[in-house]
Amino acid sequence: MKQVTLSTYVLTRLKELNTNHIFGIPGDYVLPFFDEILDGDHGVKHIMPRNELNGTYAADGYAKQNGFGAMAVTFGVGSLSCTNAVAGAYADDTPIVVISGTPTVDVLNTPTERRYHHVIENDFNTNIKVFEHITVASHRVEKIETAAFEIDNMLRKAMQYKKPIYLEIPYDLQTMLVDVPSKPLDLMLNQSSSANLNEALDVVSKILHNSKTRSVVTGHLIQREGLVKQGVELVDQLNAAVATTFTCKMGDFEEHPNSIGIYMGEVSEDYTKEMVDGADVSIGLGVTFNEFDTGVFSTKMGKNQNVIWLRKDYVEVNGKRYDQVFLREFLPALLDAVKDIQPGEIALQNRRKFAFELADRFEPTDDALTIDRLFVQFSNYLEKGDMLYGDTGGFINSSQAEFPADVIMHGCGNWGSLGAGFGMYVGANFANEANNRRSISIQGEGAFTMSAQDLATLIEHKKDLALFILDNAGYGAERAIHPGKERSYNDIAVWKYEKLGEALGGTEGQDVHSFVAHTEKDMAEIFAHLKEPKGINIVRIMLDPNDSATFNLRFSQLLQH
């Protein structure tokens, strides 16, 4: 049988999971693996970010579009630098793998007082122990005879649970030979308990058949499971009002005739709250009970109505939980069970559904920019099919804007790590190669400064994009959460963001282009110029340090401790 190196085996399996790029920072313990990335026959291309944290963010952002992401690092200093991004992927249900090269098997298993570099004291298991808490599998392969089997099992777990994994491969094993896979990776997805599924299905079906008005709130789990199309079918069959959520703003539902906006508990627009909370039955479709989607747990779903929560691996109906019932199996079964249901009654109204709506369009003036007006301009700039990633101010405000159909939007999510949004955006631009969507990012400058080095990665690979940086000289979100106090810890030493393109390797006027916007007319002119952005376009948007969107003041009040 034909054989390949263990490294090429891993990369071949990644390719099967639609991972066409691997992000990675080389280091001495992982260099054989990197040689195989460049020389092996597997179809996976190496992308080198500027540090391990950013690269793992990039793997996360990549996975949110392509289904799986990968980052390769060296032992200790490399792997531990990935932890915050791995924790974010775990919190927001994104399957990625961090692959770490380690010292040789003999070194790992020979007791010694020697203190090797990149090793904490002489404990070679520290990294595995750390990652056990933020992955579904944290493991080192040490026997070439079982390595392929162990790796396949880890990849299955990542896809079964939609969570990250951490894999260590010793230096000497990276180039050892294993048999070429005889067949594609069998994910062996977990199966539902038929008894629990049927019992939950019976209860849910009866509630829906006995209801007149229905609402559906959509969450990120249906996107992770590839169930968006079935989610739309459910809304159609039930004739339900449908709302999206903060962690997963999906144009497929916001363009739906029954769209009622974005739901975030008491942060929502009044009309959205009334339609969700006032229906006979409300369905949380792939929504986790996280702080941001529920408006800091202010949701009234289920208070005066029947409520059905369809989560990744269980169904909950009016407080009763049916375990081991998987969303990817339950939703198709539910569609079949209610295919003959009477359409629900729905009284749609011409009322505000979003904080920033397309209909709010205005004639730009020479007035200074404000968040409330700026994001109306953003709503009207975005086009069908755009890819948008954001961070903190950029993501929070974008989540409340009405966008055209089929806009893909991701960002910092409920984990809320500053810098994650731009790191994810870097990875998304490589996932976007197959789709060629117009690439846009809106970043608060406080978050952007934490991962800005990887603007150089986008310049290096000659991406076409528009990067908008909101410059209010500080952490605007924290100012709103802790108002009435002028604190230096919320102030940022201002960069000339529009000049970063040349500093990080680009040439102004050729592959990078810089803009500064002070007024509404400035923004309108820039938007017109960037209708089809070519090269790296950096737009610095000047805002008053204390400006905040009206809706965000409501949100921030709930976040105050």
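Residues numbered from 1 in each chain as written. Predicted model: local features only at pLDDT ≥ 70, side-chain atom pairs only at ≥ 80, totals over all residues. Heavy atoms only, no water.

For the chain, an unreviewed UniProt entry supplies the name Thiamine pyrophosphate-binding protein and the organism Vibrio barjaei. Check the Sequence similarities (unreviewed entry) section of the UniProt entry for the chain; it says "Belongs to the TPP enzyme family." (UniProt positions renumbered as here; feature names shortened; annotations may be inferred.)

**What about the nonpolar core?**
Core analysis: the biggest nonpolar cluster contains 45 residues, and Phe23, Met71, Phe422, Phe448, Leu455 and Ile536 have the highest contact counts within it. Considering every element that reaches this core, the biggest residue donor is helix H16 (residues 420-431), with eight residues. For Phe23, the residues in contact, after removing those within four places along its chain, are Ile47, Pro49, Gly55, Ala58, Ala59, Tyr62, Ala70, Met71, Ala72, Gly427 and Phe430. If you look at the next biggest cluster of nonpolar residues, it comprises 40 residues, including Phe246, Phe292, Phe362 and Ala466. (Core = buried A, V, L, I, M, F, W, Y, C linked by side-chain atoms within 4.5 Å. Buried < 20%, exposed > 50% of the residue type's maximum accessible area, 1.4 Å probe, protein only. Helix = DSSP H or I, 4+ residues; strand = E, 2+ residues; numbered from the N terminus. Contact = heavy atoms within 4.5 Å.)

**Here we look at the state of the cysteines**
Throughout the structure, instances matching the rule amount to zero disulfides. You can see Cys248 has no disulfide; the closest cysteine sulfur is in Cys412, sitting 13 Å from it. Note on Cys412: relative accessible area 5%, which makes it buried. (Disulfide = S-S within 2.5 Å.)

**Comments concerning the packing of aromatic side chains**
Tallying each qualifying case throughout the model produces 20 aromatic pairs. Counting every residue linked through ring pairs, the aromatic cluster contains Phe356, Phe375, Phe378, Tyr381, Phe468 and Phe527. The ring of Tyr314 is capped by Arg321, whose NZ or CZ atom sits 3.6 Å from the centre of that ring. The ring of Tyr381 has Arg438 sitting right over it, with the charged end atom 4.3 Å from the ring centre. (Phe/Tyr/Trp six-rings, centres within 6.5 Å; stacked < 30°, edge-to-face > 60°. Lys NZ or Arg CZ within 6 Å of the ring centre and 35° of its normal.)

**Remarks on the pairing of strand E16 (residues 387-391)**
Burial runs high along E16: five of the five residues are buried. On E16, burial covers both faces: Met387, Tyr389 and Asp391 on one face and Leu388 and Gly390 on the other are all buried. Sheet topology places E16 next to strand E17 (residues 408-411); four bridges connect them, and they run parallel. Paired with Tyr389 across the bridge in E17 is His410. (Pairing = 2+ DSSP bridges.)

**Points about the sheet that holds strand E4 (residues 69-74)**
Strand order in the open sheet formed by six strands is E3-E2-E4-E5-E7-E6, and the pairing between neighbours is parallel. Taken across any chain shown, the strands that pair with only one partner, and hence form the sheet edges, are strand E3 (45-47) and strand E6 (137-140). When strand polarity is set aside, the average angle formed by the axes of neighbouring strands in this sheet is 25°. Against the sheet, helix H1 (residues 6-16) engages strand E2 (21-24), E4, strand E5 (96-102) and strand E7 (165-170), with an angle of about 175° to E5. (Axes fitted to C-alpha atoms, helices over the stretch in contact; angles between N-to-C directions.)

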